[in-house]
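Here is how the chains run, residue by residue.
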Amino acid sequence: MPVTAATGLVAGTGAAAGTVGKEAVAAALRTTADSEYDGSDLWLRYVPVEDPGLLRKYRETVTTVIVENAGRNKVHRHTPDLSMAPGSTERLVETTLEAARDELVRGLKGLLDRAVPVTTEPGDRPPDGAVIVGTRDSSKVVRQHIPAGDLTPLGDAGYLIRSFTRGTQGFTVIAGNTETGALYGTFAFLRRLQTHKTITRLDISESPRIRNRHLNNWETVRLYAGNNASGTGGLNGENGTIFNFAARGESAGRNLPVILDRYIVVARAMASVGINGITINLVNADNVYLTPRYIAQEAALADALRPYGIKIALAINYTAPTDPRFAPDTLTNEQLDPHGEDFRGWWNRRAGLLRAAIPDFTGFTVKANSEGQPGPQDFGDDHGDGANAIAAAVAPLGMKIYWRTFVYNAEVDEDRLKRAYLEFGYIDDERQSDGTRGRFLDNVFLQTKNGPLDFQAREPIHPMFGRMENTNQALELQVTQEYTGQDEMLCYLGPMWEEALKTDTYATDERGRLLGKRLMGHIVDGTAQGHADTAIIGVANLGNADNLTGHHFAQANLFAFGRQSWDWTLDSADIAADWVRMTWSNRTNVVGTIVKMMMGSWEALVSYQTPFGMAHQFRSSDHYGPNPAERLARDDWSPVYYNRADSAGLGYDRSPTGSDFTAQYFPTLAARYGDIDTVPENLLMWFHHVPWDRRMRSGRIFWDDLVYRYQMGVQYVTWMRLTWEALRPSIDARRFAEVRAKLAIHEADAGDWRDTCVTYWKSFSGRDDPVDDGPLSIAIVVGGRRIGAFDLSAPSYSIPVRRGASPKITKVIPADRAARYEILSQADGVPGQAVVRVTKEDFFGPLVKDYVFVMRPT
Ligand code: BDP
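Here the structure is a predicted model, which is why all the values come from computation and not from measurement.

Rules and cut-offs
Residues numbered from 1 in each chain as written. Predicted model: local features only at pLDDT ≥ 70, side-chain atom pairs only at ≥ 80, totals over all residues. Heavy atoms only, no water. Pairing = 2+ DSSP bridges. Helix = DSSP H or I, 4+ residues; strand = E, 2+ residues; numbered from the N terminus. Contact = heavy atoms within 4.5 Å. Axes fitted to C-alpha atoms, helices over the stretch in contact; angles between N-to-C directions. Near = heavy atom within 4 Å. Polar contact = N/O pair within 3.5 Å; in protein donor to acceptor, adjacent residues only side chain to side chain. Areas by Shrake-Rupley, 256 points an atom, 1.4 Å probe, with all protein chains shown as cover. Nonpolar A, V, L, I, M, F, W, Y, C, P; charged D, E, K, R; others polar. Domains from an automatic or database assignment. UniProt positions renumbered as here; feature names shortened; annotations may be inferred. Buried < 20%, exposed > 50% of the residue type's maximum accessible area, 1.4 Å probe, protein only. Salt bridge = Lys/Arg side-chain N within 4 Å of Asp/Glu carboxyl O. Expected span 1.5 Å × (residues − 1). Parallel < 35°, antiparallel > 145°, perpendicular 65-115°, else oblique. Left-handed = near helix turned anticlockwise from the far one by under 90°. Core = buried A, V, L, I, M, F, W, Y, C linked by side-chain atoms within 4.5 Å.

Chemist: Before we go on, may I ask you to explain the sheet that holds strand 4 (residues 159-166) in this structure?
Modeler: Hydrogen bonds between backbone atoms are what pair the strands of a sheet, whose relative direction is either parallel or antiparallel. The strand order 2-1-3-5-4-6 describes an open sheet built from six strands, whose pairing is mixed. For this open sheet the edge positions go to strand 2 (118-119) and strand 6 (203-206), each flanked by a neighbour on one side alone. Lying over the sheet, helix 5 (residues 96-112) contacts strand 1 (64-66), strand 2 and strand 3 (130-134), oriented at roughly 155 degrees with respect to strand 3. Relative to strand 5 (residues 169-176), helix 8 (residues 179-194) is tilted by about 135 degrees, and along the sheet it contacts strand 3, strand 4, strand 5 and strand 6.

See below:
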């Protein structure tokens, strides 16, 4: 926390006090503290508003905070002696309005650089400069000034922020139907100040489009946000995850029910973007989470999160009832019949235990018959039987089941992508005895990844979206960057999710007529097909690293997930701009530059990892680096299964003449994807085996475009690295250095992707790297001779210079007219070295290539 950092520095700067005066010390302290800032506040960083004019305006508009009856609605607390770990800086609150009030006080103090008084009494009329937070229940001001009719339509999570003007002055009301709504409004108001937006004449009404906005916290795998034994933070007995249940050694005293600062920071951050639930353990679930000892710990966590409107859930294992750890309440295999009372009774009892400790416990996430996890099929039943059995058992307790559809049993179909729909589609279509369709119960959500494979950087949408009319559908996105650079690569995922959510499914009704609202987002928010209960899930990226997410820029993905799950129609660039302002700086050039870096970063990653719809070329050991030649125990885990490289071309034919996966889409998309001439080029190899010499839209042949695309991805990372370097004066030292170090790794590893993949493809295409017509291709003139044919993947080029001739580059001729060049250095003699930097803005952002020419005598 910055507070701690500042305190730690007092001693060091104290000596200067006598000589330079108090103010200078304060300033020095702030800069030094900033230079040490570790990112632990996420985007809830409330630094003083730099612009003096704006600061003055804000200070005029906000002079006092009024929260009436903040202590009235105490949230449930199960754990009698709930307490923060010794030395904590965060504190436990007892109500949601207290959380809102404290946030406002903390935020305003930081932003306005002075304490803002808080009172509980508005008097007869609110004073000028007051900010009032509450509900119609808690606050007289809200009752007097906000008509019920304005609030009611906003539901139980919505909020309203309204300015009331009197002459040149006035006051501001932040109201919700619930205290949680008021808390969301408070964060939205603070966000306006953090992003330097106007806070006068406001009339804002907001409510979320999707009801359940949850994280799934995979606490033991794909955790790129945690300190580990070799990392800088050290393990200290923690396993790297965000919540400690079983830390040992030095951290043994820091297990739940003890509450750590970072839990509260995360709760505040989640609430600030409207995330209202979290499944706290991995989908490959450990039954220990269902034991009484763990339930007591979970209850403490739920107690701490509850004031922030966050409810918890657990991932479970389908055969948990047979686990001896639950003795004497265990079942035999025979008793696992989903239609029988034993199985249902067991789940009802276990859920009852949870319910007793955590009254708002939301339910279970289930990964069944998937990647070796047990499930109903092991006993001759199907997913409908299994999901409904547990759902029926927990329905009386008001709980829900999030049943994952990430299944791909090889015997279902040779094409892995077809398998989920084949296993779930018929259950959704099934006619029921009451005449309705669809067997899944109302408290079952089918939780489906955005694409049909597995969180690849670019996938088409999953064909189940829109085809499961009779079942609640939850969309699952991966916030933790398993396949998108983990904690090394800067990859902003907002644009990827925006692309998915705004994809037209071309869904039709039962008579084949196109639906009016049919984007993926409409399916997920329920407006396409009239679903009342809706959900979006982010596989979280939280850990115990100082900055809580591993890479400083990974914080942006959590932020974007929250904002997009609240309102999927938002523009991911706007979200990025908010995040940059809240996290880094409000200076226009910094905002513009970092947003630009972020916006191209995903498409760049796609380009150097899996361009043109290539899928899953990751080495199996870590899903970070490439290994296109790998063959694993299962075909459908193997890169070769996806790339299908041969002498004819590259890619998986899923058209009607291939696996016919395209038939699972609605007719318009099926036709579009099924035809190599109409499929979008960025999904080309997803659906087709593409001949090496196929003519592409650029006019080049496929092979040439493919290689250039790999190179472009790396060239973008070079641009990011250089661009970050130029931001040094505007960024605090520690974070600047940490991101800088990561960008260097990023660039090298992107180069590894390019080289490993292109080299492997070459063994099939039998072609050389294309030269001379890439976006950054150039020819140079040295000693009167024109020299070209530079392979853009090479780190340097050897240029023969005749004895006595000048080694100077006299001319640079870019192949692309839009490219710019700069001769950074010339060779002084032979041997010598010259560097030419070529840049060009391409479709996803700026590209940079530094040509290093090594002049050597012939
Ligand atoms: C894959 C991960 C694996 C997860 C699986 C899942 O590699 O660790 O268990 O997804 O979603 O991407 O269940």
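Chemist: Explanation requested: the sheet that holds strand 8 (residues 277-279) in the structure shown.
Modeler: Strand order in this closed barrel of eight strands is 7-8-9-10-11-12-13-14, and the pairing throughout is parallel. In this sheet, neighbouring strand axes are inclined to one another by 25 degrees on average, regardless of whether the strands run parallel or antiparallel. Here strand 9 (residues 311-316) runs beside strand 10 (residues 363-366); their pairing, made up of three bridges, is parallel. Opposite A315, over in strand 10, you have T365 as the bridge partner. Strands strand 9, strand 10, strand 11 (400-404) and strand 12 (444-449) of the sheet are contacted by helix 12 (residues 383-394), whose axis makes an angle of about 160 degrees with strand 11.

Chemist: Explain the site of the ligand here, please?
Modeler: Near the ligand lie 13 residues; those nearest to it are K367, R404, K449, D454 and E482. Between an oxygen atom of the ligand and a side-chain N or O atom of K367, the distance comes to 2.6 Å. Against a free-state accessible area of 320 Å², the protein chains account for coverage of 95% of the ligand. For the shell around the ligand, the residue count by class is four nonpolar, two polar and seven charged.

Chemist: Where do I start with the domain arrangement of the protein in this structure?
Modeler: By a frequent convention, interface size equals the accessible area lost on bringing the separate parts together. Segmenting the protein into domains produces domain 1 (1-36), domain 2 (39-206), domain 3 (212-570), domain 4 (609-652 + 689-765) and domain 5 (778-857). Taking the mean C-alpha position of each, domain 2 and domain 5 sit 58 Å from one another.

Chemist: Is there a simple way to explain the UniProt feature "domain: Glycosyl hydrolase family 67 C-terminal" (unreviewed entry) in the protein in this structure?
Modeler: Taking the UniProt record as the reference, the feature "domain: Glycosyl hydrolase family 67 C-terminal" (unreviewed entry) is found at residues 549-770. Helix makes up 55% of residues 549-770 and strand 2%, whereas the separation of the span's terminal C-alpha atoms amounts to 39 Å.

Chemist: It is not clear to me how unusual backbone geometry should be interpreted in this structure. Could you clarify?
Modeler: Negative phi is the rule for most residues except glycine; trans is the rule for most peptide bonds. Cis geometry marks the peptide bond from L256 to P257, where omega comes out at 15 degrees. Summarising the element assignment, P257 is placed in the loop between strand 7 (212-216) and helix 9 (261-272). Look at the link from V830 to P831: it is a cis peptide, with omega at -5 degrees. The topology assignment puts P831 in the loop between strand 21 (820-825) and strand 22 (832-842). Even without glycine at this site, L42 takes up a positive phi of about 50 degrees. Mapping L42 onto the fold places it in the loop between helix 3 (22-36) and helix 4 (52-61). In this structure L42 comes out as buried when scored by relative accessible area, which is 1%. Backbone geometry places D660, a non-glycine residue, at a positive phi of 65 degrees. The topology assignment puts D660 in the loop between strand 15 (649-650) and helix 20 (667-674). By relative accessible area, which is 31% here, D660 ends up partly exposed.

Chemist: Quick question: what am I supposed to make of the side chain of R754 here?
Modeler: Following the sequence through the fold, R754 ends up in helix 23 (residues 733-765). There is a polar contact of 3.3 Å between the side chain of R754 and the backbone oxygen of S793. Residue contacts for R754: discarding those within four places in its chain leaves Y608, Y710, Q711, V714, L792 and S793.

Chemist: Could you clarify how one ought to interpret the pattern of salt bridges in this entry?
Modeler: For side chains of opposite charge, pairing can occur when their charged atoms come near one another. Taken as a whole, this structure holds 57 salt bridges when the rule is applied. Note that R350 and D329 form a salt bridge whose closest N and O atoms lie 3.9 Å from each other. Remark: D329 occurs in the loop between strand 9 and helix 11 (341-357) and R350 occurs in helix 11; sequence separation between them is 21 residues. Like D329, R350 is buried. The salt bridge involving K596 is made with E841; its shortest N-O contact spans 3.3 Å. Linking K596 in helix 18 (residues 588-609) with E841 in strand 22, this pair joins segments that are 245 residues apart in sequence. What you see here is one network of salt bridges that share partners, running through E90, E103, R106 and R268.

Chemist: Help me out: how do you make sense of helix 9 in this one?
Modeler: Helical geometry: 3.6 residues make up each α-helical turn, so side chains three or four residues apart lie on a common side. Look at helix 9: 16 Å from first C-alpha to last across 12 residues, which is about the 16 Å you get at 1.5 Å a residue. Burial analysis of helix 9 places 12 of its 12 residues in the buried class, which makes it a mostly covered element. Those residues of helix 9 lying buried are D261, R262, Y263, I264, V265, V266, A267, R268, A269, M270, A271 and S272. Tucked into the core, helix 9 has its buried residues touching helix 5, helix 8, strand 7, strand 8 and helix 10 (292-305). Just beyond helix 9, the residue with positive phi is G274, at close to 85 degrees.

Chemist: Is there a simple way to explain the packing of helix 8 against helix 9 in this structure?
Modeler: Two numbers describe a pair of packed helices, the interaxial angle and the distance between the axes. Two elements in contact, helix 8 and helix 9, have axes separated by 9 Å at closest approach and are oriented at 85 degrees. When the interaxial angle is binned, helix 8 and helix 9 end up roughly perpendicular. Contact residues: L183, Y184, F187 and R191 in helix 8; R268, A271 and S272 in helix 9. Residues belonging to the contact of helix 8 with helix 9 are distributed by class as follows: four nonpolar, one polar and two charged.

Chemist: When you look at the environment of E459 in this model, what are you seeing that I'm missing?
Modeler: Along the polypeptide, E459 turns up in the loop between strand 12 and strand 13 (472-478). With relative accessibility at 9%, the residue E459 sits in the buried group. As for E459 and E499, which are separated by 40 residues in sequence, their C-alpha atoms are 10.0 Å apart. Other than its neighbours up to four places away in sequence, E459 contacts G451, P452, L453, D454, L683 and W686. Separated by 2.8 Å, the side chain of E459 and the backbone nitrogen of D454 make a polar contact. At 3.0 Å, the side chain of E459 forms a polar contact with the backbone nitrogen of F455.

Chemist: Looking at this structure, how should I read the packing of helix 11 against helix 12?
Modeler: Across the interface, helix 11 lies against helix 12 with an axial gap of 8 Å and an inter-helix angle of 45 degrees. One element, helix 11, and the other, helix 12, form an angle in the oblique class. With respect to the hand of their crossing, helix 11 and helix 12 are arranged in right-handed fashion. Residues F343, R344, W347, N348 and A351 of helix 11 pack against N388, A389, I390, A392, A393 and V394 of helix 12. Taken together, the residues of the contact of helix 11 with helix 12 sort by class into eight nonpolar, two polar and one charged.

Chemist: Got a minute to help me understand the environment of R803 in this structure?
Modeler: Here R803 is to be found in the loop between strand 19 (797-801) and strand 20 (809-814). Residue class for R803 comes out exposed when judged on its relative accessible area of 76%. Between the C-alpha atom of R803 and that of R467, which follows or precedes it by 336 residues, the distance is 72 Å.

Chemist: I would appreciate a short explanation of the nonpolar core in the present structure.
Modeler: Soluble globular proteins tend to bury their nonpolar side chains together. In terms of nonpolar packing, the biggest core is built from 249 residues, with F364, W403, W724, W761 and F853 touching the most fellow members. Counting residues per element, this core draws most heavily on helix 22 (residues 702-726), which supplies 13 residues. Non-local contacts of F853, meaning those with residues more than four positions away in its chain, are made with I778, I780, F790, Y797, I799, I809, G832, Q833, A834 and V836. If you look at the next biggest cluster of nonpolar residues, it comprises 13 residues, including I66, I146, L154 and A175.

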